[in-house]
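# Overview (structure and organization)
Here's the letter readout for the chains.
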Amino acid sequence: MSGTDDASLEFSPSQMQAMGQAVVERAVAHLAAIESQAIRGDLDVADVCRSLREPVPEHGAELEPLLDQLFDELIPRSFTTPGPGYLAYIPGGGVYPAALASFIADTTNRYTGVWQAAPALVQLEANALEWLRDWMCFPEGSSGLLTAGGSMATFNAILCARERYLGTDIRRGTLYTSDQAHHSIEKSAKLAGIFHDRVRIIASDGDYRMRVDALEAAVAADRAAGLRPFMVASSAGTTNTGAVDPLEAVADICLREGMWHHVDGAYGAFFHACPELRPLLAGLPRADSLTLDPHKGMFLPYGTGALLVRDGAALRAVHSATAGYLPAQQEEFYDPSQHGPELSRGFPGLRVWMAIKMFGAARYRAAIAEKRALAVWAAAEVARVPGIVMDAWPQLSLFAFHLEGPRLASQDARNAATAELMERVTARGRVMLTGCTVEGRHLARVCVLSFRTRAAVMRECVEQIAQEAGRILND
Ligand SMILES: *Cc1c(COP(=O)(O)O)cnc(C)c1O
C-alpha cells in the first residue's frame, strides 16, 4: 500500500472534533443572530442558482469554504423560517434538541427500520408515538407512524381506509373533503389510487368549515349512483384560514354511514395537547386516523410528520410484510417497517423523543397555548385598524383579513391592496406574511406557530400592519 490511502473515507477523532466544532459554532452564531436577519432574504437569485451548477467535483474540498458558502451566501437567501417574525404559511421554528438528535442519529447511524436491529432505540420511537397518542386522547390499541411530513401521513391514512372498506374494488370508492382542505389530501388520494373523479369537494360555510348537510347530500347521491363512500378527510385547522371542521358531526356521519374519518391536523392537532384548548377541537379523538406535523405544532425542524390510527391493527395490516432475508416478526414491540411503507430510513423517533424529553410536556403546553393567546390578542388589535375587515378570527392561532376602503371599489382593487399590505409589511424585514385566495377574494393571513414568536414581535406585527394599511388607504 502506498502512503496516501485514497480509498479511506475516515477522519481521525481530532479531525471530527474540529469539524463538528466548526459546524456547531456556525449554526449557533446563525441562531443567535436570527432575530436581526431579514425575515425574507434576497430571493432574486436566479443568477446565483445558475452559477451554482457544476460538474461532479473530482477532488474533495475543505470544510471551511463550504461553511462560508452555506452560511454567508446560500442560507440567507431564503425565507427566514426559523425567525420570530415568520408568520407565513404554517411556521414551526425548529427547536435545537431536535437538531442535536439528528446529529446523534446520523453519527451513530443505527438501523431503526426493523425492531431487531436496535430494539431499545426503536422503543424510544414507540414511546414518542405513545406520547402523541396520549396528547390526542386516542385509545390504547392505536398505533402510529412517523413520516417525512403531513402529506405522507395522510397518504398512509388513505391506504388504511381503502384497504378496510374497498379491498381490491378501488374504483367504486368515493372520498370527501372540503373546498378548504389542503391539496395534499387530493394528491395523496391519487397516489393511493383514488382518482379525482372519486374525490368530492364539499362546500364550506361562512366560517370556512365543511358543511355537514352538503356532505350528507353528496354521500347519499353517490350511494344512489352505486358508488361506495368510504372516507371523509376533515380538517383540524385549514391552511387558508385555520378553520376547524365540525369534527363531532362528521364523526357521527362516518359512524352511521360506515366510513373512515380521517382528520388532517397537520396544522392544528397539537393544540389538543393543551386540555383547556380541547373544546376547540371537539371530536378529534373520535377520528379513525389523524395527521399531525411535529415540524409545525411541536416546533421541530422540517422533516417529521406523524400519523395516528385508532385501529393499530389496520395500519399494520396495510404495511406488514416479510422476506427471507429479514428477521422473523414479533408481536410485542413496535416495529416501524411493519407500520409504514419504508424499510431503511433515518431515525425520526429520536428527534421527537429528545425534544419532549428535554422540554417536558408542561413547557410544550405552555408554548402551544402562548401561540394561540398571541394570535387571539393580535387579531383583536388588527381588527381595530381602520380599513381592515376580519374574514376569519382565530379558531386556533391563525387569522385572515382583507383591506377595504372608499377607493377600493372593485374586488380586484381590494385584492391588490391586501396583497400590497402583506408585501409592504414583509419588505420591512421583521415580519413575513403570506395570503390565500378564497373564492376570488385575496386574504392576508397571520399564523402564529413558531416557538420563537413571542409578544414583542407580535406587537411589531400589529403596528406595521396598521401603519402600512394607513399608508395604502390614505396616501
Ligand atoms: C402543512 C399542512 C399539510 C401538509 O403537510 P406537510 O408536512 O407539508 O407534508 C397538510 N395539511 C395542512 C392543514 C397543513 O397545514
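Residues numbered from 1 in each chain as written. Predicted model: local features only at pLDDT ≥ 70, side-chain atom pairs only at ≥ 80, totals over all residues. Heavy atoms only, no water.

## Focus: the side chain of Asp293
Threshold: Secondary structure counts use DSSP, requiring at least four H or I residues in a row for a helix and at least two E residues in a row for a strand, with both numbered from the N terminus. Each residue is assigned to one of three classes by its accessible area relative to the maximum for its type, calculated with a 1.4 Å probe on protein chains only: buried under 20%, partly exposed between the two thresholds, exposed over 50%. Contacts are residue-level and defined by heavy atoms, with any inter-residue pair within 4.5 Å sufficient.
One can find Asp293 in the loop between strand E6 (289-292) and helix H10 (294-297). Asp293 sits in the buried class, given a relative accessible area of 2%. Residues contacting Asp293, with those up to four places away along its chain left out, are Gly149, Gly150, Gly265, Ala266, Phe270, Met298, Thr304 and Gly305.

## Section: the site of the ligand
Applied cut-off: The near set for a molecule or strand comprises every residue that places at least one heavy atom within 4 Å of it. Each polar contact in these results corresponds to two N or O atoms within 3.5 Å; when the atoms are within protein, one needs to be able to donate a hydrogen and the other to accept it, and residues that are neighboring in sequence are counted only if both atoms are side-chain atoms. Under the convention used here, a 1.4 Å probe and the Shrake-Rupley method define accessible areas, while residue burial counts only the protein chains that appear. Each residue receives one of three labels: charged for Asp, Glu, Lys and Arg, nonpolar for Ala, Val, Leu, Ile, Met, Phe, Trp, Tyr, Cys and Pro, and polar for the others, Gly being one of them.
Lining the immediate environment of the ligand, one finds 14 residues, of which Gly150, Ser151, Asp264, Asp293 and Lys296 sit closest. Asp264 places a side-chain nitrogen or oxygen 2.6 Å from a nitrogen atom of the ligand. One of the side-chain nitrogen or oxygen atoms of Lys296 is found 2.8 Å away from an oxygen atom of the ligand. Taken by itself the ligand offers 380 Å² of open surface, and the protein chains cover 85% of this. Of all the secondary structure elements, the ones that give two or more residues to the shell around the ligand are helix H6 (150-165) and H10. For the shell around the ligand, a count of residues per class yields three nonpolar, eight polar and three charged.

## Structural notes on the domain arrangement of the protein
A common way to report how large an interface is uses the accessible area buried once the components associate. This is how it is decided: For the domain bounds, the source is a domain assignment made automatically or taken from a database. Buried area is understood as the total, over both parts, of accessible area removed when two parts are fitted together, assessed with a 1.4 Å probe. For salt bridges, the criterion is a side-chain nitrogen of Lys or Arg within 4 Å of an Asp or Glu carboxyl oxygen.
Splitting the protein by domain gives domain 1 (17-83), domain 2 (101-321 + 330-362) and domain 3 (363-474). For domain 2 and domain 3, the distance between their C-alpha centres works out to 29 Å. Listed by partner, the interface residues are 37 residues for domain 2 and 27 residues for domain 3. Across the domain 2 to domain 3 interface the summed buried area is about 2,600 Å²; carbon plus sulfur atoms make up 64%. One can count zero salt bridges joining domain 2 with domain 3. The tally of links from domain 2 across to domain 3 stands at 17 residue pairs in polar contact (both at pLDDT 80 or more). Listed by contribution, the elements that provide at least two residues to the side of domain 2 that touches domain 3 are H10 and helix H12 (348-383). Broken down by class, the residue content of the side of domain 2 that touches domain 3 amounts to 22 nonpolar, 10 polar and five charged.

## A closer look at the layout of surface pockets
Put simply, the test is: Using a grid of 1 Å spacing that covers the protein atoms alone, one calls a set of points a cavity when a 1.4 Å probe fits there but cannot get out, and a pocket when the set is open and has protein on both sides within 12 Å along at least five of seven lines; lining residues are those with an atom within 4 Å of a point. Grid points are joined across faces, edges and corners, and a volume is the space filled by probe spheres set on the points.
Considering only enclosed or pocket space, the largest pocket measures out at about 900 Å³ in volume. Surrounding the largest pocket, 33 residues form its lining, Ala27, His30, Leu31, Ala99 and Pro301 being those nearest its centre. Elements with a minimum of two residues in the lining of the largest pocket: helix H1 (13-32), helix H3 (63-74) and helix H4 (96-108). Among the elements that take part in the lining of the largest pocket, H1 stands out by supplying six residues, more than any other. Within the lining of the largest pocket, the residues separate by chemical class into 20 nonpolar, 11 polar and two charged.

## With respect to the packing of aromatic side chains
Using the following cut-off: Each pair of aromatic rings taken from Phe, Tyr and Trp, with Trp reduced to its six-membered ring, is defined by centres within 6.5 Å and is described as stacked if the planes are under 30 degrees apart, edge-to-face if over 60, and tilted in the remaining cases. Counting as a charge over the ring demands two things of the Lys NZ or Arg CZ atom: a distance within 6 Å of the ring centre and an angle within 35 degrees of the ring normal.
As enumerated under the stated definition, the model contains nine aromatic pairs in all. Ring centres of Trp135 and Phe270 lie 6.2 Å apart, and the angle between their planes is 80°; this geometry places the pair in the edge-to-face category. With Trp135 in helix H5 (residues 119-136) and Phe270 in the loop between strand E5 (260-265) and E6, this pair connects stretches of sequence that are 135 residues apart. Trp135 sits in the buried class, given a relative accessible area of 6%. For the pair Phe359 and Tyr364, a centre-to-centre distance of 5.7 Å together with 85° between the ring planes defines the contact as edge-to-face. Judged by its relative accessible area of 26%, Phe359 is partly exposed. The rings of Trp135, Phe270, Phe299, Phe359, Tyr364 and Phe451 are connected pair by pair, giving a single aromatic cluster. If you follow Arg310 out to its NZ or CZ, it ends over the ring of Phe138, 5.6 Å from the centre.

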